[in-house]
Protein chains: 4
Amino acid sequence: MQPEKGEKGKSFKQRLALKSSLMKEILAEFLGTFIMIVLGCGSVAQAILSRGVFGGIVTINIGFAMAVVMAIYVTAGISGGHINPAVSFAMCLFGRMKWFKFPFYVGSQFLGAFVGAATLFGIYYDGIMSFAGGKLLITGENATAHIFATYPAPYLSLVNAFADQVLATTFLLIVVFAIFDSRNVGVPQSLQPIVIGLLIVVIASSLGLNSGCAMNPARDLSPRLFTALAGWGFEVFTAGNNFWWIPVVGPLVGAAIGGFIYVLLIEIHHPDPEPEFKAEQSEDKPEKYELSVIM
Amino acid sequence: MQPEKGEKGKSFKQRLALKSSLMKEILAEFLGTFIMIVLGCGSVAQAILSRGVFGGIVTINIGFAMAVVMAIYVTAGISGGHINPAVSFAMCLFGRMKWFKFPFYVGSQFLGAFVGAATLFGIYYDGIMSFAGGKLLITGENATAHIFATYPAPYLSLVNAFADQVLATTFLLIVVFAIFDSRNVGVPQSLQPIVIGLLIVVIASSLGLNSGCAMNPARDLSPRLFTALAGWGFEVFTAGNNFWWIPVVGPLVGAAIGGFIYVLLIEIHHPDPEPEFKAEQSEDKPEKYELSVIM
Amino acid sequence: MQPEKGEKGKSFKQRLALKSSLMKEILAEFLGTFIMIVLGCGSVAQAILSRGVFGGIVTINIGFAMAVVMAIYVTAGISGGHINPAVSFAMCLFGRMKWFKFPFYVGSQFLGAFVGAATLFGIYYDGIMSFAGGKLLITGENATAHIFATYPAPYLSLVNAFADQVLATTFLLIVVFAIFDSRNVGVPQSLQPIVIGLLIVVIASSLGLNSGCAMNPARDLSPRLFTALAGWGFEVFTAGNNFWWIPVVGPLVGAAIGGFIYVLLIEIHHPDPEPEFKAEQSEDKPEKYELSVIM
Amino acid sequence: MQPEKGEKGKSFKQRLALKSSLMKEILAEFLGTFIMIVLGCGSVAQAILSRGVFGGIVTINIGFAMAVVMAIYVTAGISGGHINPAVSFAMCLFGRMKWFKFPFYVGSQFLGAFVGAATLFGIYYDGIMSFAGGKLLITGENATAHIFATYPAPYLSLVNAFADQVLATTFLLIVVFAIFDSRNVGVPQSLQPIVIGLLIVVIASSLGLNSGCAMNPARDLSPRLFTALAGWGFEVFTAGNNFWWIPVVGPLVGAAIGGFIYVLLIEIHHPDPEPEFKAEQSEDKPEKYELSVIM
């Protein structure tokens, strides 16, 4: 690992280094979503598999939130740290990211979440198998499917469930837009992941009862698909009155509404021209482009 | 969304953008108080409606505190992030805000809290309805009114209740004034919301037992009024020996005392002339005026 | 409150403003210790008086720690935010503060803690009175004396108790010295109170079992004296095999050891001459003197 | 303690001050690992010895994490704050530290952990002795050996146990490398310990169920050896199907994999030449060398 050009180590490094900004962002979003699922759903797993002895609502809420924080710290300097198709959607919708990148971001997020679910299943294989005598159950006190995906509370109607996912994601995006708005409080980039983590803590503590507060299509659908394939069966899709599509579509709607509310009530009234617009025009910038735009 | 003047998108944005600083502040205080109530009272709702399974004193205290944090991050750059008539009152009383703005701030805070309570009721409608068999109760183990407003502990006398609200708000304002005092520790603006959040955590953990530690007329009265209208009935006002006015009047008194204590014991003794005074004289400043004065 | 000299408001402010740096520091230490006791011991009170329903080890540990954080934010810019005779002792011992100030600091800390205990008693008067049918008990399941002062676990010998207070305060001071050492990590002043708060959280979570982890003569002795006078009786001093002197003397010994360990293992080996020494020589500096020396 | 050269105090200080950068780092790593074990394992001790009354999964996870935070604050400016042979291993493997320092770092970490375990045993001697009637047990409800070292869950196979330690440390190092990567988010050094602490919180909340999540050979092996010598007997090594070597070897493998993943997916693709390479060539830098390289 010598710095001189032409040397073998450096050349090798040079050969591996990606020139494409988009390719780097795809790798980052994959890695970030992977981290979020293993550590986030892992916090749920630890609480469920220990039947509350080594985890509960506090460790789940803080654990999942800090999983998001860590995923953002790993990726924010490369891809902006979306790790959520709903966030990427809002970023495109409000001119913070080019639409052509959207499918690549979403694809790597779904893939990262799937690999994350598989990894978590592997690392808790012995625990899951011993939990219900080798059975993989979706309902009842020995259920383990909700380690991976969210399911609605028994009392919840479909209308309320959909409104729930919309509203939670609305709040998520209002605050995310505020944190990234340099003309509001101006949170430094190194502190932004922690503020987002605290935001996840409060949303999970306040709006998590109805259906577990997924707010993220990749976080919910990919692990659900994994459980369907891994032995829980495709009832994971039909359960809860075909609930599966609600944490997929709801967050996209909520993200749009949340961004719209923030822009309409706060951002549009800032007196100065937005620095974002300038960045939007010069396309050939270094790989931190999306980040500088967003943040 | 191009930056050039005269284009349609920009013109549209220009037409929407508010020229009035006060109007922007009203919108911000409305949005901030709305966020605080949905996420803050939502944390109480999740604990109550799950009968302690998905929430408890830890998630309530941290959840409400982080709801305040998020509300401040969304609004502090615009309106100073008061989201509390008692804070606005102290700011006016000690020359940090013009009195003429006070009724506008308070009005938008009360309105935001009312809409927040209604939103929370909507999003937990199924949960609240299934909780007590469709009944909306104020007392007993199936009560849900205290999701929205605070009620006194059975042992509490009115004198003690009033002193409780005064004292809690006194502490709130002492520390708020300290955090905003650039000649004390000098907390950067981006960190101030988090420190205020930690302050809410400790006050709710230490002075929350008597009557739930509202410390905020808008946070308590607007949701209480909402519950009266939404079906709990006007007993929400007579309950607890007509307790309703105590979290309204007490915080105003406490805020004045808290500001007075900080100014008298700490701020007045700083050697240099206060930068606040200068800001107070040049009235035609940009919309971050109150903020620069406060912080 | 106009800025011009000679005006009445300003003159009044000028008349009140203290010229003496020491007098300001005394006021600050009084206020800081007062805040710490009301909010810190208040966290204990809420857990005990609610019999664990509205508080427990998590809210106590976080509550007391954040009470310390808030007390430091209010005072650090004025007096250095010691709020603990053991900290003041170590600061004097290692040349961070003049010895002549020591009795004034300690006196105001003891007084602030006493007034804090009285205030807490007042605000929870109804709760304490209803808790044990009007009785003020030191032992048993209806005891309330440990709201205010610490008592040893039944298993604890006096030797182990003394070592416990020494060791806990040793760790407190090692980390406090590290945080204030600008040639180590260099924690900015605005972040220092939070780091100290997290330190209190971990010490209370790890070394709190033996005797409640007072680590502070003022925090323990003043509230104990208050309880003796307020009706619990002087058995608060004889309880636990005359335990009362251990949280008074132990912390002083531990503070000296902690400072000594940090200086000997870390600070003394820094290559550059210490900026502290220069500050030590120019005595007529503004009121932030101790702070600039310590931090 | 006067600054002038030639004076007695200063000379004495000069005589004690270490010229060798390595010797300072050894002292720092010893002190840091010592702090981590006393406060970290102390959090486990408080929960176990109080049978859950004064501690549980929340205080253990936050306590151990904050113990790591404090250990890093005390040492990061001197030695980089590894306090973990697996971290030192990864730092050497990826050119962040010279290999010749590795055995010295690891030796002082093991020694610090051993002395820490002995100190903790001493300070909780009365508590441990009274817990099981004077017996020192490894299994059963009165076991205390897991205060010091980790043991596997009953369901856990050796293969799963090994994968568990590898995976947990992989995540630890991915995020540690991200936090230290100035071309990613750029976490300021004073905030890095807190981010690492939050990382420990989430890993302990999500991957702690299988075997307690040691992720650190020194943290596990030294206290285990201490318990073997202090009276628990050498069954601490044979317990759990000779589990003892897994938290020793697994973390080393995981650290290498974690560093490799971060470098391969993120770091290698940064456009600019790495500042590390320059530092690597000029060897005669001041004692903050490793730190500036790492961070």
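Residues numbered from 1 in each chain as written. Chains lettered and ligands numbered in written order. Predicted model: local features only at pLDDT ≥ 70, side-chain atom pairs only at ≥ 80, totals over all residues. Heavy atoms only, no water.

Within an unreviewed UniProt entry, the label attached to chain A reads Aquaporin 9, and the organism entered is Otolemur garnettii. According to the UniProt record, the Sequence similarities (unreviewed entry) comment for chain A reads "Belongs to the MIP/aquaporin (TC 1.A.8) family." As recorded by UniProt, the Subcellular location (unreviewed entry) comment attached to chain A reads in full: "Membrane". (UniProt positions renumbered as here; feature names shortened; annotations may be inferred.)

K.L.:
Which residues make up the interface of chain C and chain D, and what values do they have?
P.N.:
Opposite the 47 residues of chain C that make contact, chain D presents 52 residues. Between the two partners, chain C and chain D, sit zero salt bridges. Linking chain C with chain D are 12 residue pairs in polar contact (both at pLDDT 80 or more), by the criterion used here. For the side of chain C that touches chain D, the secondary structure elements donating two or more residues are α3 (57-79), α7 (158-180), α8 (192-206), α11 (246-265) and α12 (275-281) of chain C. Ranked by the residues each element gives to the side of chain C that touches chain D, the list is headed by α8(C), at nine residues. When grouped by side-chain class, the residues that make up the side of chain C that touches chain D number 32 nonpolar, 12 polar and three charged. (Contact = heavy atoms within 4.5 Å. Salt bridge = Lys/Arg side-chain N within 4 Å of Asp/Glu carboxyl O. Polar contact = N/O pair within 3.5 Å; in protein donor to acceptor, adjacent residues only side chain to side chain. Helix = DSSP H or I, 4+ residues; strand = E, 2+ residues; numbered from the N terminus. Nonpolar A, V, L, I, M, F, W, Y, C, P; charged D, E, K, R; others polar.)

K.L.:
Describe the relation of the copies chain C and chain D, listing the residues and the values that go with them.
P.N.:
Between the two copies of the chain lies a relationship made up of a rotation around an axis and a movement along it. By a simple turn and slide, chain C fits onto chain D: the slide is 0.0 Å along the axis, the RMSD is 0.0 Å, and the turn is 90°. Those values place the two copies in the arrangement expected of a four-fold rotation axis. Taking the C-alpha atom as reference, chain C places C:Val58 closest to the rotation axis, 5.2 Å from it. Both copies present different contact surfaces, since only 4% of the interface residues of chain C are interface residues in chain D too. (Least-squares fit on C-alpha atoms with pLDDT ≥ 70 in both.)

K.L.:
I'd like a description of helix α5 (residues 102-123) of chain A, backed by residues and values.
P.N.:
Owing to its 3.6 residues per turn, the α-helix aligns residues three or four sequence positions apart on the same side. The end-to-end C-alpha distance of α5(A), which contains 22 residues, comes to 31 Å, matching closely the 32 Å that a straight helix rising 1.5 Å per residue would cover. Burial in α5(A) covers these residues: A:Phe102, A:Tyr105, A:Val106, A:Ser108, A:Gln109, A:Gly112, A:Ala113, A:Gly116, A:Ala117, A:Leu120, A:Phe121 and A:Ile123. (Expected span 1.5 Å × (residues − 1). Buried < 20%, exposed > 50% of the residue type's maximum accessible area, 1.4 Å probe, protein only.)

K.L.:
Describe the packing of helix α4 (residues 85-93) of chain C against helix α5 (residues 102-123) of chain C, and please don't skip the residues or the numbers.
P.N.:
Residues and elements named next belong to chain C. As a packed pair, α4 and α5 sit with axes 9 Å apart at the nearest point and diverge in direction by 170°. Classed by the angle they form, the pair α4 and α5 counts as roughly antiparallel. In contact with Pro85, Ser88, Phe89 and Cys92 of α4, α5 contributes Phe102, Tyr105, Val106, Gln109 and Phe110. (Axes fitted to C-alpha atoms, helices over the stretch in contact; angles between N-to-C directions. Parallel < 35°, antiparallel > 145°, perpendicular 65-115°, else oblique.)

K.L.:
Kindly report on the nonpolar core, identifying the contributing residues and their values.
P.N.:
Grouped together as the largest cluster of nonpolar side chains are 407 residues, with contacts concentrated most on A:Ile203, B:Ile203, C:Ile203 and D:Ile203. With near-sequence residues (within four places) excluded, D:Ile203 lies in contact with A:Leu39, D:Ala168, D:Phe171, D:Leu172, D:Gly208, D:Cys213 and D:Met215. (Core = buried A, V, L, I, M, F, W, Y, C linked by side-chain atoms within 4.5 Å.)

K.L.:
Go over the interface of chain A and chain D with me, naming the residues and quoting the values.
P.N.:
With 52 residues of chain A at the interface, the matching set in chain D holds 47 residues. A buried area of about 4300 Å², summed over both sides, lies between chain A and chain D, and 73% of it is on carbon and sulfur atoms. Joining chain A to chain D, the criterion identifies zero salt bridges. The tally of links from chain A across to chain D stands at 12 residue pairs in polar contact (both at pLDDT 80 or more). Breaking the side of chain A that touches chain D down by element, the ones donating at least two residues are α1 (8-16), α2 (21-49), α3 (57-79), α5 and α6 (125-131) of chain A. Tallying contributions element by element places α3(A) first for the side of chain A that touches chain D, with 14 residues. Across the side of chain A that touches chain D, the residue classes break down as 30 nonpolar, 16 polar and six charged. (Buried area = accessible area lost by both parts, 1.4 Å probe.)

K.L.:
So what's going on with the pattern of salt bridges? Residues and values would help.
P.N.:
Residues and elements named next belong to chain B. In total, this model carries 12 salt bridges over all chains according to the counting rule given. Between glutamate 25 and lysine 101 there is a salt bridge, and its shortest N-O distance comes to 3.2 Å. Of this pair, glutamate 25 sits in helix α2 (residues 21-49) while lysine 101 is found in the loop between α4 (85-93) and α5 (102-123), placing the two residues 76 residues apart along the sequence. By relative accessible area, lysine 101 is classed as buried at 6%. Between glutamate 267 and arginine 96 there is a salt bridge whose closest N-O contact spans 2.6 Å. Residue glutamate 267 is found in the loop between α11 (246-265) and α12 (275-281), and its partner arginine 96 is found in the loop between α4 and α5; the two are separated by 171 residues along the sequence. For glutamate 267, a relative accessible area of 2% gives the class buried. Taking relative accessible area as the criterion, arginine 96 reaches 6% and is therefore assigned buried.

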